[in-house]
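Notes for the structure review
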Amino acid sequence: MQLVTVEEQRRIEAFLYKEARFADQSRYEDWENLVDEDMYYWIPTDDPEADPERTVSITADNRKRLATRIAQLKTGKRHAQLPVSPMRRLVSNIEIEKMAAPKQQGTEEYLVHANFVVYELQVQSTRMLDVWPGGVEYRLRQYPDGEIKMYYKKIMLVEAGEPILTAAFIL
Amino acid sequence: MSMTAQRPEARSKADGIDYEELIQKDRISGSLYTSEAVYRDELEKIFYGGWVYIGHESEVAKPGQYVRRTIGEVPVLLVRTREGKITVLKNRCTHRGNMLCVQQKGSLKNFTCAYHGWVFGLDGKLLDVPYPGGFRHDPAEYGLKVLPLIDSYRGFVFASFSPDAGSLDDHLGNGKLLIDRALQMSPTQEIKLTAGWVRHKIRGNWKMLPENDTDGYHVNFVHSSFGRVIRSQYDEAALAPEESLKSLTIDWGNGHTELDFSPSYVGEMAWLGLSDSSRYPEYVRAMEEAYGHEKAHEILAKGPPHAVIFPNLFLGEMNIVMFEPLGVNECVQWHTPLLLGGVPDEVNIRILRQSEGALGPSAFLLADDGVISERQQIALRSGDAWLDLSRGEEREEVRADGVRLGHVTDETTNRGFWHQYRKVMTRNAAATR
Ligand code: FES
Ligand SMILES: [Fe+2]
């Protein structure tokens, strides 16, 4: 693991803010375009180190299942997001490291830790404002042409081990 | 004509709430979901007065292991004692009432209260009181409250706060066959509830969970987005025109209800989202060895039950699900994958992923059910609604043993639930807690 340059940091932060904005606005196609083919989208329960092959998660999507999730949101019949939740999320405490040995040869890969809070208005039913705080681990990949893709997002909700409300949006 | 609508709200009479009026043959009052008085009465009669599901023995496999549970609003512990026996204790110190175990689960030698240090054995006996000089009671009378009825059926532990709840055998009735069917999915008849729980909070009354979980009518509507993006066993089972639907709603009696999708399954392992069983030859071989060729393939075709055991357990195919009320307007649906003994790891991994796909806050199915229940709770809030449950009453088949079979879109299961509910709620027996 190595520190990153100011230039790299700026580029990665810009990517994270864009990813957050697309999620906030339920721009599913734009959000999915940020995702790489080996994506893993994971919301574990209270133990973020638990083995997902032995432990149930809130969400554990490989790329194929994530595509299905997004396709379902796009049917216009996904009642849990009908209408979509107005959301605003804050991403902060961003720490970036460069991976010494990238998973994919010829690219630069970064491990990013951050905190987030999502404010979500549950307009589909109760019209209550729900707050979703947590930590997040991203793994990002920059291709030689400069394009950045996300291939891993682990969302560690503060309340992951508690009873939690319906969350059909992109966290 | 008077425009004054008759308000069917639950109201307290001298002898309590008039359930005969609120629960009629083919309709029920919406106030049953919204009345605080009804909710309090349910806690007494259903959650404290009758049998409730507590947990599975595999969750506390070793002596000293415990898991926290809540019966109604009472925190309890499911514990494996030093002798290896199962017990259910109140999670409350008998001194000044502090909570004993704070973690959701754990392993201990005994229970020590953090407040003043009283120590209790795993069986609840009071073992030590610090500064005993001032203690004036008989320690034998200050053990943790052990629930008066604790019994299990094939590893499924049930308990009651009321010594008058009758036998578990009578309570389960045909429910035992449903549990048998869940267990027979394993060649060794073993299940392991060791994958942890996801708890989904829904701002709706708890009864919407058992009712919705065996409601076959909603599938085509609430889950149409799922049907459009995923090819699944539900395509033939519930997402087709009325005449071609072969699945059934079943009222097994005692409030135990089932959505039986199996008549529509085309091939084996449809319940695992597969079109045949070629993916897992080792599992098939183990099943054939355990049950013989014919029976094994029958089980692999029919799959696990999709059935509610009244009042708080749902055998949700390859999941075990529990219902927890949180006041009149909120509830929690717990789920854990039903992992099988004696099968290759990849079968259990598939079960895990299927579990996340179906159940929980972000799932393809339950997220939508949750929001539908929340909308219903809001719409019923004024307490003056009547809910129609008449669908298919005239076309349901009543077997000689009283079991009722209905078309998958019919309200046979809802009527089964409410029939039992009324029976329990009109009983006078008070629980002794
Ligand atoms: S309340 Fe437990 S020791 Fe006092
Ligand atoms: Fe449903």
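Every value quoted in this text rests on a predicted model; they were computed, and no experiment measured them.

Looking at the overall build of chain A
Within chain A, the regular secondary structure consists of 3 helices and 7 strands. Tracing chain A from N to C terminus, the helices and strands come up as α-α-β-β-α-β-β-β-β-β. In terms of overall size, chain A behaves like a compact globule, its C-alpha atoms giving a radius of gyration of 16 Å where 171 residues would be expected to give roughly 16 Å. Taken over the C-alpha atoms alone, chain A extends approximately 45 × 30 × 30 Å along its principal axes. Among the 171 residues that make up chain A, the fraction classed as buried is 56%. A sequence separation of at least 24 residues applies to 62% of the contacts in chain A between residues at least 6 apart.

Some points on the domain arrangement of chain B
All names here are of chain B. According to the domain assignment, chain B consists of domain 1 (52-160) and domain 2 (173-425). When each unit is reduced to the centre of its C-alpha atoms, the spacing between domain 1 and domain 2 is 32 Å. Each partner contributes to the interface: domain 1 provides 16 residues, whereas domain 2 provides 22 residues. Interface area for domain 1 against domain 2, summed over the two sides, is near 1,600 Å², with a carbon-plus-sulfur share of 63%.

Remarks on the interface of chain A and chain B
Listed by partner, the interface residues are 35 residues for chain A and 40 residues for chain B. Area buried by chain A at its contact with chain B is led by V56, H79 and P163 of chain A, which between them contribute 19% of it. Our enumeration of links across chain A and chain B arrives at 3 salt bridges. In this structure, D345 of chain B and R54 of chain A form a salt bridge, with 3.9 Å as the shortest nitrogen-oxygen distance. Our enumeration of links across chain A and chain B arrives at 29 residue pairs in polar contact (both at pLDDT 80 or more).

Description of the coordination of the iron ion (ligand 2)
Residues and elements named next belong to chain B. Here the iron ion (ligand 2) is held by H218 (NE2), H223 (NE2), D369 (OD) and D369 (OD), and the distances to it run 2.1 to 2.6 Å. Around the iron ion (ligand 2), the 4 donor atoms sit at angles spanning 54 to 145°, and that spread fits a shape best called irregular. Counting residues between consecutive donors of the iron ion (ligand 2) along the chain gives the motif H-x4-H-x145-D. For the residue pair H218 and H223, the accessibility class agrees, reading buried in each case.

Comments concerning the packing of helix α2 (residues 36-48) of chain B against helix α13 (residues 412-425) of chain B
Residue and element names in this part refer to chain B. Contact pair α2 / α13: the axes reach a minimum separation of 10 Å and the direction vectors enclose 85°. When the axes of α2 and α13 are compared, the pair comes out roughly perpendicular. Each of V38, D41, E42, K45 and I46 in α2 lies in contact with α13, whose residues at this interface are Y421, V424 and M425. Residue classes in the contact of α2 with α13 are distributed as 5 nonpolar, no polar and 3 charged.

So, the side chain of R181 of chain B
Residues and elements named next belong to chain B. The residue R181 is located in helix α4 (residues 175-183) in this model. R181 sits in the buried class, given a relative accessible area of 13%. Polar side-chain contacts of R181 include one of 2.5 Å to the side chain of E258. Apart from the residues lying within four places of it in its own chain, the contact partners of R181 are W252, E258, K302 and P305.

Description of helix α10 (residues 293-302) of chain B
Residue and element names in this part refer to chain B. Along α10, the residues classified as buried are A296, H297, I299 and L300. Axial view of α10: buried residues confined to an arc of 155°, hence all on one face. In this structure, the buried residues of α10 make contact with α9 (281-291). Looking at the residues trailing α10, positive phi occurs at G303, about 75°.

A look at a negative patch on the surface
Taken together, the side chains of D46, D47, E49, E159 and E162 of chain A present a region of like negative charge at the surface. With respect to the secondary-structure elements, D47 of chain A resides in the loop between β1 (35-43) and β2 (59-61).

Thoughts on the pairing of strand β4 (residues 108-121) of chain A
All names here are of chain A. Pairing of strand β3 (residues 87-98) with β4, which is carried by 10 bridges, proceeds in the antiparallel orientation. Opposite R89, over in β4, you have V118 as the bridge partner. The pairing of β4 with strand β5 (residues 129-142) spans 14 bridges and is classified as antiparallel. By the bridge assignment, E108 is partnered in β5 with Q142.

Points about the side chain of H56 of chain B
All names here are of chain B. Its location among the elements puts H56 in strand β4 (residues 52-56). Its relative accessible area of 5% is what places H56 among the buried residues. Within the structure, H56 has its side chain in polar contact with the side chain of S58 (distance 2.7 Å). Each residue touching H56, except ones within four places of it in the same chain, is listed here: L78, R154, G155, F156, I191 and L193.

A short note on the sheet that holds strand β6 (residues 148-157) of chain A
Residues and elements named next belong to chain A. Reading across the sheet, the 6 strands line up as β2-β1-β6-β5-β4-β3 and stay open at both edges, with mixed pairing between neighbours. Strands with a single pairing partner mark the edges of an open sheet, and in this sheet they are β2 and β3. Mean inter-strand twist for the sheet, computed between neighbouring axes without regard to direction, equals 20°. Examined bridge by bridge, β1 and β2 share 3 bridges and lie antiparallel to one another. Bridging from a neighbouring strand, W42 pairs with A60 of β2. The sheet strands contacting helix α3 (residues 63-73) are β1 and β2, and the helix crosses β1 at an angle near 80°.

What counts, and at which threshold
Residues numbered from 1 in each chain as written. Chains lettered and ligands numbered in written order. Predicted model: local features only at pLDDT ≥ 70, side-chain atom pairs only at ≥ 80, totals over all residues. Heavy atoms only, no water. Helix = DSSP H or I, 4+ residues; strand = E, 2+ residues; numbered from the N terminus. Rg over C-alpha atoms; globule rule 2.2 N^0.38 Å. Buried < 20%, exposed > 50% of the residue type's maximum accessible area, 1.4 Å probe, protein only. Contact = heavy atoms within 4.5 Å. Domains from an automatic or database assignment. Buried area = accessible area lost by both parts, 1.4 Å probe. Salt bridge = Lys/Arg side-chain N within 4 Å of Asp/Glu carboxyl O. Polar contact = N/O pair within 3.5 Å; in protein donor to acceptor, adjacent residues only side chain to side chain. Donors = N, O, S within 2.8 Å, 3.2 Å for Na, K, Ca; no water. Tetrahedral: all angles 85-135°; square planar, octahedral: opposite > 155°, others 65-115°. Axes fitted to C-alpha atoms, helices over the stretch in contact; angles between N-to-C directions. Parallel < 35°, antiparallel > 145°, perpendicular 65-115°, else oblique. Nonpolar A, V, L, I, M, F, W, Y, C, P; charged D, E, K, R; others polar. Arc of directions from axis to C-beta. Patch = residues over 30% accessible without salt bridge, like charges linked within 9 Å, V, L, I, M, F, W, Y side chains within 5 Å. Areas by Shrake-Rupley, 256 points an atom, 1.4 Å probe, with all protein chains shown as cover. Lys, Arg positive; Asp, Glu negative; His and termini not counted. Charge placed at Lys NZ, Arg CZ, Asp CG, Glu CD. Pairing = 2+ DSSP bridges.

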